[in-house]
Amino acid sequence: MGKYGRIFLGKDELTYGKDGVGHVDYDPEFECGGPPGTPGRQCPFVTEERHTLGLNTTGREGRNMHVNIASYRDPLCPRTLYNAFTKANRPEKLFIRVLQQRDPEVDGDCLEDYCKLMAKKNGETLDETDVLKGCPHANQVFIHEIHAKEAAGPTWARGLLSKDIEAAYKKGDLSPQDHCMSLDSHMDFEQHWDDRMVKMWEDSLNEYAVLSTYVQDIEHLGEEDKDMLHRQVPHLCMIKYTSNVRTHATKAAVDLSKPKLTNAVWGAGLSFSKCHAELKVMVDPHTPHIFDGEEFNRAARFWTYGYDIYTPNHVYVLHDYHKSQSNPVMHTWSANRDVHGTFYESNWRLRTMIDLPGGEKDRAKRLKMKQSKFGLGDRRSLDQLIQFSGFDLRNQRITIDGKNRCGNIQWVPFQEHPEGVNHIPSFDNETEDPLEPYDPSSVWYAIETLGKDDALDNQEQDDDKEGIPPKLNLGDMHVQLQEKVEAGELANNGLDEKHKELMNQLLEDGQNDMENTTTAVDDVEVEPMVTEGRLHLSVAEKKTTGPDHHPGGLRGLNKLTVKAHDGAQVLSQFISKNSYSAKVEHGFGNLPMFVKVNVFLLIFGVAFAIFRSAGTGRAFKKNSRKQEL
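Let's shift gears to the packing of aromatic side chains. Summed over the entire model, instances satisfying the criterion amount to 13 aromatic pairs. Here the aromatic rings of tryptophan 303 and phenylalanine 388 are separated by 5.1 Å at their centres, their planes lie at 20°, and the arrangement is stacked. Taken together, the residues span a long stretch of sequence, with tryptophan 303 in helix H7 (residues 294-304) and phenylalanine 388 in helix H11 (residues 382-389) at a distance of 85 residues. Exposure class is identical for tryptophan 303 and phenylalanine 388. Each is buried. Ring centres 6.0 Å apart and planes at 70° place the aromatic pair phenylalanine 343 and tyrosine 344 in the edge-to-face group. Considered together, phenylalanine 343 and tyrosine 344 belong to a single accessibility category, that of buried residues. Among the aromatic residues, ring-to-ring pairing joins Phe45, Tyr208, Trp266, Phe302, Tyr307, Trp411 and Phe414 into one connected group. Here arginine 97 stacks its cationic end above the ring of phenylalanine 142, 5.1 Å away from the centre of that ring. The ring of tryptophan 303 carries the charged tip of arginine 380 above its face, separated from the ring centre by 4.4 Å.

Pasting the structure below:
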């Protein structure tokens, strides 16, 4: 065991060779390029007084903690609130925002049921007419309520929470120097978890640190306070390609002396940082129905904004995997197809951001999207990210050079924004285009000064880039697949895999052809207003067309019953106010390719069924005549 800990690299010798498997000792000095005195040594930006807006460089004095929780019909949400407040060392500094997606006729209310747990703990009798009356910390919980039938996946949900954080910042209720954390809604905590998370973040010695991992199961609760020989933490450092990019093959690190720098792999189950990270790298709300793709897309945006992802060296927040996975309605949001937008639009958008094949082909439109509010940062480039992470995104290969980056890696320097770490860039509320000129330290500066055409020729990928597979005749492939099934050449499990592979290609083909179709897309801008003690939403109309426009973050939301909790702010009224009159091209020729393919398959299937039934009828008549003879 090394002095500073040990890291498991995995067993994939075929991909990474003998040097890329097994275990390596953790060397924190390697992150700076070597020990003090090493030529060219550069370390991350340690927190200094210039960063802190007049606060101390360490500690929690003057800093609140803000927690975002996306909850979908989760009966464990109240218990999560209960655990967070009762186990925090400074619960009075804890503010929790919950995006509650539920069916009010069936599901309990997270805040009300939390208050019932608190009353039971304190041996108090509840006022049934006002459950929240006298409830500890109820005024520190903000419920943003959405009906379950309007839910559009975890990424979309976290995008709404990001807007709530932004609204709190603009209102003055949140500082960039506060601490922010995002969690799932079925969690437990070690005692004094809040102070311990802050101390662990400070141990990274990086003002731009983001602690993130897939946290351990609650069966490990209490181990941090036990005298254990070795302490193991999950370590994220690998991906795989599905419909997008998915965090994959979690590794392990043992007895780390401090948080370990990762190759920009982030997990949505736990993210902890200063709030300036959450304000600059908001979750993209234009991605309904996305599961795969959320995490690496946000990791890329964090990293290009100058943030670094670290594996925590302690486990203070834990996940109830068993109860959450056994919840029968946990994933029923997927039945809300095309609510607030489509999977195809969302996946196309995420692919465009990180240059995966199947995104926007027009280079100017690609650049515009990457420079928008929910696009990439300007402190580091996408090319630098590919080299640092080792993932060959443009060719959808796991590695660019066969090197395993789960072990010791070196920090990539960048120039801080001239306005400092707490500067939050401004974007147009309608177009989401940047409103500020790029400074010379920005990676976008050359594009603006040299001219976009020349810069794009130098920096953007070619449309005919090697590695993008040619278009296939998917209709013929489907027919051939069916023939193999009928001939008994494929078992059911083989059929499932082949169908999945074919469907992924159909989706990608449909995304590639979206540019030929004009699609009306709704986009809602939400502005919170407080009237009579309740927090409502006001929205303003705008019109747009085309898949190059970001699909709306809020669309088609029904007007829900407004309710107000005493001392707690509740967002529960959403009104779809868009009346799009965009021109839509009609005709079979303007349909996306994947629709054309499915129409063809439908016609083929009907014709084939008629042919088979007719053939069976003729055979029956012939047999009947033979029997009569």
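So that's the structure; there's more coming.
Time to look at the pairing of strand E12 (residues 251-254). On E12, burial covers both faces: Lys251 and Ala253 on one face and Ala252 and Val254 on the other are all buried. The sheet contact formed by strand E1 (residues 6-10) and E12 spans 2 bridges and is antiparallel. Looking at the pairing, isoleucine 7 lines up with alanine 253 of E12. With 4 bridges joining them, strand E9 (residues 232-235) and E12 adopt antiparallel strand pairing. Directly across from valine 233, in E12, lies its bridge partner alanine 253.

According to the stated counting rule, one finds 33 salt bridges in the structure shown. A salt bridge links aspartate 184 to arginine 158; the nearest nitrogen and oxygen atoms lie 3.9 Å apart. Of this pair, aspartate 184 sits in the loop between strand E6 (179-183) and strand E7 (187-189) while arginine 158 sits in helix H4 (residues 154-171), and the two are 26 residues apart along the sequence. On the accessibility criterion, aspartate 184 (17% relative accessible area) is buried. When its relative accessible area of 12% is taken as the criterion, arginine 158 is described as buried. Notably, a salt bridge pairs aspartate 173 with lysine 171, separated by 3.8 Å at the nearest N-O pair. Within this structure, Arg60, Arg90, Asp194 and Asp195 form a network of salt bridges that share partners.

Next up on the list: the side chain of lysine 274. Mapping lysine 274 onto the fold places it in strand E14 (residues 270-274). Looking at lysine 274, the relative accessible area reads 1%, which means it is buried. Within the local environment of lysine 274, its side chain forms a polar contact with the side chain of glutamate 207, the two groups lying 3.2 Å apart. In contact with lysine 274, not counting residues within four places along its chain, are Thr47, Arg63, Pro176, Gln177, Asp178, His179, Cys180, Trp201 and Glu207.

About the criteria used
Residues numbered from 1 in each chain as written. Predicted model: local features only at pLDDT ≥ 70, side-chain atom pairs only at ≥ 80, totals over all residues. Heavy atoms only, no water. Phe/Tyr/Trp six-rings, centres within 6.5 Å; stacked < 30°, edge-to-face > 60°. Helix = DSSP H or I, 4+ residues; strand = E, 2+ residues; numbered from the N terminus. Buried < 20%, exposed > 50% of the residue type's maximum accessible area, 1.4 Å probe, protein only. Lys NZ or Arg CZ within 6 Å of the ring centre and 35° of its normal. Pairing = 2+ DSSP bridges. Salt bridge = Lys/Arg side-chain N within 4 Å of Asp/Glu carboxyl O. Polar contact = N/O pair within 3.5 Å; in protein donor to acceptor, adjacent residues only side chain to side chain. Contact = heavy atoms within 4.5 Å.

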